[in-house]
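A closer look at the structure
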Protein chains: 2
Amino acid sequence: MGLEDIPVTVETGAADLTGNAQALLGEIAALLQRMLATGEGGAIDLASLPFSPADRSWLEQRLGRGEVEIRLMAAGLSTFNETACPGVWWVSHHNEAGIRVSELIEVARIPELVAAHPDDVKIGLERLNNLINELD
Amino acid sequence: MGLEDIPVTVETGAADLTGNAQALLGEIAALLQRMLATGEGGAIDLASLPFSPADRSWLEQRLGRGEVEIRLMAAGLSTFNETACPGVWWVSHHNEAGIRVSELIEVARIPELVAAHPDDVKIGLERLNNLINELD
């Protein structure tokens with residue numbers, strides 16, 4: 001039996017992990033802990049640390065997918081996908097050309113940009129009242 | 001010139017309005033006002049009042065579409081579409097067969113079902129901590 005008979009498995013990608021994705025899980029756990037204790041969440045910009053494509057897909061697999069998917073169409077499309085860890089959201093922002101311009105992990109009951117802002121609610125209510133008055 | 005020469009426009013649908021859709025706009029405005037004052041929103045079940053297909057499309061047109069679309073996939077699909085009035089959401093729940101089983105207008109900064117519940121966050125955090133321990 002020669003060397004060529006020994007089965008070889010190539011663990012594709014594992015060698016490309018920088019260790020940052022594993023470290024990120026700890027940061028996410030700390031943010032969740034803080035949110036439960038104080039109500040205050042936080043976000044981690046994936047562009048702010050050396051992060052390989054292997055890191056990205058490793059993290060994506062570990063966090064998994066949750067039940068909620070959110071699309072916000074403003075200047076460009078933003079998506080907020082709940083992970084299998086409730087309160088942990090995978091957030092991507094795209095420009096008008098559809099190019100992803102940022103990607104982050106947000107820890108919050110709901111991502112800040114998704115909830116209606118009271119100032120916008122006020123403006124909408126005024127418009128609604130005008131519409132109602134026009135109907136009378 | 002006879003009667004047949006007078007142009008006639010048929011306002012399709014207008015005759016089918018029950019008046020309930022118009023009344024609903026006032027209820028929605030009152031809920032928004034209360035939410036701004038107290039933080040407490042509310043919901044109106046569209047099945048709870050006589051509501052014709054004409055009423056439904058009239059209301060849909062008046063409320064318009066906002067920037068946010070949310071899909072929640074639990075037993076069946078639920079959709080939460082922001083209207084052009086921030087804080088007013090058009091909510092539909094479907095069963096596992098894809099049949100719409102309820103439809104409501106929810107007034108809230110974010111629909112209650114969409115935000116992560118602290119109990120679920122706790123459970124998710126435990127799972128995440130177990131995963132982190134296994135990696136060590």
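Our structure is the block above this text.
As the structure is a computational prediction, the values presented were derived from the model and not from experiment.

Cut-offs applied
Each chain carries its own residue numbering, running from 1 in the direction its sequence is written. To read the labels, note that chains go from A and ligands from 1, taken in the order they are written. Given that this is a predicted model, residues contribute local features only at a pLDDT of at least 70 and side-chain atom pairs are listed and counted only at 80 or more, while totals for whole chains, interfaces and linings are drawn from all residues. Secondary structure is summarised from DSSP: a helix means a run of H or I of at least four residues, a strand means a run of E of at least two, and numbering begins at the N terminus for each. A residue is called partly exposed when the number of other C-beta atoms within 10 Å of its own lies between 12 and 20, exposed at 12 or fewer, and buried at 20 or more, with C-beta atoms placed from the backbone. C-beta atoms are placed from the backbone for every residue, and two residues are taken to be in contact when these atoms lie within 7 Å. Strand pairing is assigned whenever DSSP detects at least two bridges linking the two strands. To obtain each axis, a line is fitted to C-alpha atoms, and for helices this fit is confined to the stretch in contact; angles are then taken between N-to-C directions over 0 to 180 degrees. When residues are sorted by character, Ala, Val, Leu, Ile, Met, Phe, Trp, Tyr, Cys and Pro go into the nonpolar class, Asp, Glu, Lys and Arg into the charged class, and all the rest, Gly among them, into the polar class. Residues reaching a pLDDT of at least 70 in both copies supply the C-alpha atoms on which the copies are superposed by least squares. Only buried Ala, Val, Leu, Ile, Met, Phe, Trp, Tyr and Cys residues enter a nonpolar core, and they are joined through C-beta atoms within 7 Å. Each residue after the first adds 1.5 Å to the expected span of a helix. Arc definition: it is the arc formed by the directions from the helix axis to the C-beta atoms.

1. Comments concerning the overall build of chain A
Across its full length, chain A holds 3 helices and 5 strands. Put simply, chain A runs from its N terminus to its C terminus through helices and strands in the order α-β-α-β-β-β-β-α. Residue burial in chain A is summarised as follows: out of 136 residues, 29% are buried. Restricting the contact set of chain A to residue pairs at least 6 apart, pairs at least 24 apart contribute 45%.

2. What about the pairing of strand 4 (residues 88-94) of chain B?
Residues and elements named next belong to chain B. Note that strand 3 (residues 77-82) and strand 4 share 5 bridges and pair antiparallel. By the bridge assignment for strand 4, Phe 80 is matched with Val 91. The antiparallel pairing of strand 3 with strand 4 creates a hairpin that spans 5 residues between the two strands, and Gly 87 there sits at a positive phi of about 95°. Bridge count for strand 4 against strand 5 (residues 100-107) is 7 bridges, and the pairing is antiparallel. For His 93, the partnering residue across the bridge sits in strand 5 and is Ser 102. Here strand 4 folds back onto strand 5 in antiparallel fashion, the turn holding 5 residues, of which Gly 98 has a positive phi close to 85°.

3. Concerning the sheet that holds strand 4 of chain B
Two strands in a sheet stick together by hydrogen bonds in their backbones, pointing the same way (parallel) or opposite ways (antiparallel). In spatial order, the strands read 1(A)-5(A)-4(A)-3(A)-2(A)-2(B)-3(B)-4(B)-5(B)-1(B); together these 10 strands make up an open sheet with antiparallel pairing. Whereas interior strands pair on both sides, the edge strands pair on one side only; in this sheet they are strand 1 (42-45) of chain A together with strand 1 (42-45) of chain B. Across the sheet, the axes of successive neighbouring strands diverge by a mean angle of 20°, strand direction being ignored. Relative to the sheet, helix 1 (residues 20-38) of chain A contacts strand 1, strand 4 (88-94) and strand 5 (100-107) of chain A, its axis offset from that of strand 5 of chain A by approximately 55°.

4. As for the interface of chain A and chain B
Facing the 38 residues of chain A at the interface are 38 residues of chain B. At the level of elements, helix 1, strand 2 (68-73) and helix 3 (118-135) of chain A are the ones that each hand at least two residues to the side of chain A that touches chain B. When residues in the side of chain A that touches chain B are grouped by element, the largest group, 11 residues, is from helix 3 of chain A. Looking at the side of chain A that touches chain B residue by residue, the class counts come to 24 nonpolar, 7 polar and 7 charged. For strand 2 of chain A and strand 2 (residues 68-73) of chain B, the ladder comprises 5 bridges, and the chain directions are antiparallel. Bridging from a neighbouring strand, Glu 69 of chain A pairs with Arg 71 of chain B of strand 2 of chain B.

5. Structural notes on the relation of the copies chain A and chain B
For the pair of chain copies, the relating operation is a rotation around an axis with a shift along it. With an RMSD of 0.0 Å, the operation that places chain A on chain B is a rotation of 180° combined with a shift of 0.0 Å along the axis. The relationship between the two copies is best expressed as a two-fold rotation axis. Relative to the rotation axis, the C-alpha of Ile 70 of chain A is the closest in chain A, positioned 2.2 Å from it.

6. Quick word on the nonpolar core
Most often, soluble globular proteins keep nonpolar side chains buried together rather than apart. Among the nonpolar cores identified, the biggest contains 58 residues, and Ile 28, Leu 32 and Val 88 of chain A together with Ile 28, Leu 32 and Val 88 of chain B are the most heavily contacted of them. Setting aside residues no more than four positions away along its own chain, Leu 32 of chain A makes contact with Gly 87, Val 88 and Val 107 of chain A together with Val 121 and Leu 125 of chain B.

7. As for helix 3 of chain A
For helix 3 of chain A, built from 18 residues, the straight-helix expectation of 26 Å at 1.5 Å per residue is met to within 8% by its first-to-last C-alpha distance of 26 Å. Within helix 3 of chain A the residues assigned to the buried category are Val 121, Gly 124, Leu 125 and Leu 128 of chain A. Down the axis of helix 3 of chain A, the sector holding all buried residues measures 105°, keeping them to one side. In helix 3 of chain A, the exposed positions that point more than 90 degrees away from the buried face belong to Asp 119, Glu 126, Arg 127, Asn 130, Asn 133 and Glu 134 of chain A. The inward-facing, buried residues of helix 3 of chain A abut helix 1 (20-38) of chain B.

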